[in-house]
Structure formats: structure tokens, C-alpha cells
Amino acid sequence: MEQIKSWVEQHPLLTSWFVLGAGLMGILAVQARDVGLNGSQWFWLMFITFLVAGLCVWIISWGDDEDEDA
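Presented here is a report on the structure given in the accompanying data block. (Residues numbered from 1 in each chain as written. Predicted model: local features only at pLDDT ≥ 70, side-chain atom pairs only at ≥ 80, totals over all residues. Heavy atoms only, no water.)

1. Remarks on the packing of aromatic side chains
Now for step 1: Under the definition given, this model contains eight aromatic pairs.
Now for step 2: Between Trp17 and Phe50, the ring centres sit 5.2 Å apart and the planes meet at 20 degrees, which makes this aromatic pair stacked. Here the residue Trp17 occupies a position in helix α2 (residues 12-31), and Phe50 occupies one in helix α3 (residues 39-69), the gap between them amounting to 33 residues.
Now for step 3: With relative accessibility at 24%, the residue Trp17 sits in the partly exposed group.
Now for step 4: On the accessibility criterion, Phe50 (21% relative accessible area) is partly exposed.
Now for step 5: A connected cluster of aromatic rings, assembled from ring pairs, spans Trp7, Trp17, Phe18 and Phe50. (Phe/Tyr/Trp six-rings, centres within 6.5 Å; stacked < 30°, edge-to-face > 60°. Helix = DSSP H or I, 4+ residues; strand = E, 2+ residues; numbered from the N terminus. Buried < 20%, exposed > 50% of the residue type's maximum accessible area, 1.4 Å probe, protein only.)

2. Considerations on the environment of Val19
Now for step 1: Within the fold, Val19 resides in helix α2.
Now for step 2: The exposed category is assigned to Val19, whose relative accessible area is 56%.
Now for step 3: Put simply, Val19 and Trp7 are 12 residues apart on the chain and 14 Å apart in space, counted from C-alpha to C-alpha.

Right, dumping it as C-alpha cells:
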């Protein structure tokens, strides 16, 4: 458990990316379950959703640099 805690403390942006990505993919799976997508469509939809979560975390982290300068 200590190894997980230390990894999370050392990599907060990656942790945020994984948590946000998992949440977004969970919401997507629930909301789109009756749409009738095939396997490859599900894969690419989930993959792009996970990348968008990473992009969101990256953009939000831009504000962190301003706080350190002040």
C-alpha cells in the first residue's frame, strides 16, 4: 500500500489522468450501451475518451506553473 501511495504522490498528473479516464469511460459505457456499436467502435471510442481525459489533465496543469511563479 505504501508503494501505491508513494507512486501517487510522485505522479499526481498520471494518477489524475487514470482516474478521470476511468470515470469518463464508465459514464460512456453506461450511456452508450444501447447504441449498438461493434467491438472496434467501442475500442476506439474508449481509447479517444482516455486520450481526451489526458488532454484535460494536461490543460488544467498549465495553471500550476503560475502558482509556483507567484
